[in-house]
Amino acid sequence: MKIRVLGSAAGGGFPQWNCNAPLSRAVREKKPGFRVRTQSSIAASADGRSWAVFNASPDIREQIAASPDLQPRADGPLRHTPIEAVVLTNADVDHIAGLLSLREREPFILYATARVLKTLGENSIFQVLNPEVVERRELPLEGVTELEGPRGPLGLSVETFAVSGKVALFLENTDDDNFGTAPGDTIGIALRTSASQGTDGTLFYIPGCAAVDDALRERIDGGACLMFDGTVFHDTEMADTGVGSKTGARMGHMAIGGEHGTLAALRNVDLGRRIFVHINNTNPILDPASDAAKTVEAAGWEIGYDGMELTL
Ligand code: MLT
Ligand code: MN
């Protein structure tokens, strides 16, 4: 199975259009070691020809432009795409807005939970993906789905499972303690080829997660690779940087560092590789010379980047 990180940043990208904080300035000024990052998405293929995209970021047009495998094949028909399926893990803007760039009556199959499909159904702009052309299929909150494209099975199997998270920002109900969050708002995915068994050769893709519990640790144990929510290193880094007041927890993202952070929570889990994705523009790991980046790397984690490729 081939995997490509299309976008390694969280919502906003890196640099974010309106951010003038030191990290965004450094990447804009091309400071050595800093990488431009587009918004959160990966692509996977069992045969190198048909691809599934996981989350459709607002940057998908430039992500396709940077990925020859995702472009129309030279021997293809006049309108053509190797992208045969799109799978969504939540309804955040950074994961759904790219659907609007996939219009032009090109068939593919769109997979999401009932909650996320409901959001798409209630926002009429998504009718640009006419359901007669782009079939919408529901993913279970717990279960295995063999991915198909308009031309048949992709040879990829996704096991979906609910993870702790938050309803999309634009759907928040502020009267409610959990902002109206319900199961199915955020899922994680175990991705493997249809032929493989067990966790061997499995990529766990969890770009948004508010907490890790024993059930999640047990589920991912033995995985070939984990791509995990790397939004913030410090829960309070938005306030510390002076760019906002929200904590990571308030945004539905656990922090990487600290006693209850991701490094600690997953320390004893057996994984072939562990990679942070969905990295916010305030996260100090974006500076490779930072103590945070060194801490992450010393703990065996990699910092995902756009164009990163893996074969599992
Ligand atoms: C998030 O991951 O918290 C969201 O993408 C935030 C947003 O919608 O900008
Ligand atoms: Mn996001």
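Please refer to the structure higher up on the page.
Okay, so let's go over this structure.

Cut-offs used in this document
Residues numbered from 1 in each chain as written. Chains lettered and ligands numbered in written order. Predicted model: local features only at pLDDT ≥ 70, side-chain atom pairs only at ≥ 80, totals over all residues. Heavy atoms only, no water. Helix = DSSP H or I, 4+ residues; strand = E, 2+ residues; numbered from the N terminus. Contact = heavy atoms within 4.5 Å. Donors = N, O, S within 2.8 Å, 3.2 Å for Na, K, Ca; no water. Buried < 20%, exposed > 50% of the residue type's maximum accessible area, 1.4 Å probe, protein only. 1 Å grid on protein atoms, 1.4 Å probe; cavity = no way out; pocket = protein on both sides within 12 Å on 5 of 7 lines; lining within 4 Å. Points joined across faces, edges and corners; volume = space filled by probe spheres on them. Near = heavy atom within 4 Å. Polar contact = N/O pair within 3.5 Å; in protein donor to acceptor, adjacent residues only side chain to side chain. Areas by Shrake-Rupley, 256 points an atom, 1.4 Å probe, with all protein chains shown as cover. Sits in = over half its atoms within 2 Å of the grid points. Nonpolar A, V, L, I, M, F, W, Y, C, P; charged D, E, K, R; others polar.

## Examining the environment of Y305
Point 1. Relative to the assigned elements, Y305 resides in the loop between β13 (301–303) and β14 (309–311).
Point 2. The spacing of Y305 and W51 is 254 residues in sequence and 19 Å in space, taken between C-alpha atoms.
Point 3. In this view, Y305 contacts V5, S8, R35 and R37; residues no more than four positions away in its chain are not counted.

## Side note on the coordination of the manganese ion (ligand 2)
Point 1. Surrounding the manganese ion (ligand 2) are the protein donor atoms D94 (OD) and H278 (NE2), at 2.1 to 2.2 Å. Here the residue D94 occupies a position in helix α3 (residues 93–96), and H278 occupies one in the loop between β12 (271–277) and α8 (291–298), the gap between them amounting to 184 residues. Each of the two residues, D94 as well as H278, counts as buried.

## Description of the side chain of Q39
Point 1. Mapped onto the fold, Q39 is located in the loop between α1 (22–28) and β2 (41–45).
Point 2. Not counting the four nearest positions on each side in its chain, Q39 is found in contact with G7, A9, A10, G11, G12, G13, S57, P58, D59, Q63 and D94.

## Some remarks on the layout of surface pockets
Point 1. In this structure, the largest pocket spans a volume of roughly 690 Å³.
Point 2. Lining the largest pocket we find 33 residues, and of these G11, G12, L169, M251 and N280 sit closest to its centre.
Point 3. Every residue lining the second largest pocket is counted, 19 residues in all, and those nearest its centre are H80, T81, S101, L102 and R103.
Point 4. Per-element tally for the lining of the second largest pocket: the top contributor is helix α2 (residues 60–65), with 3 residues.

## Re the site of ligand 1
Point 1. For ligand 1, the full set of nearby residues is D92, D94, L169, M251, H253 and H278.
Point 2. In this structure, D94 approaches ligand 1 through a side-chain N or O atom, which is 3.0 Å from an oxygen atom.
Point 3. Relative to its free-state accessible area of 270 Å², ligand 1 is covered by the protein chains to the extent of 78%.
Point 4. Placement of ligand 1 is best described as lying within the largest pocket.
Point 5. Considered class by class, the residues forming the shell around ligand 1 number 2 nonpolar, 2 polar and 2 charged.

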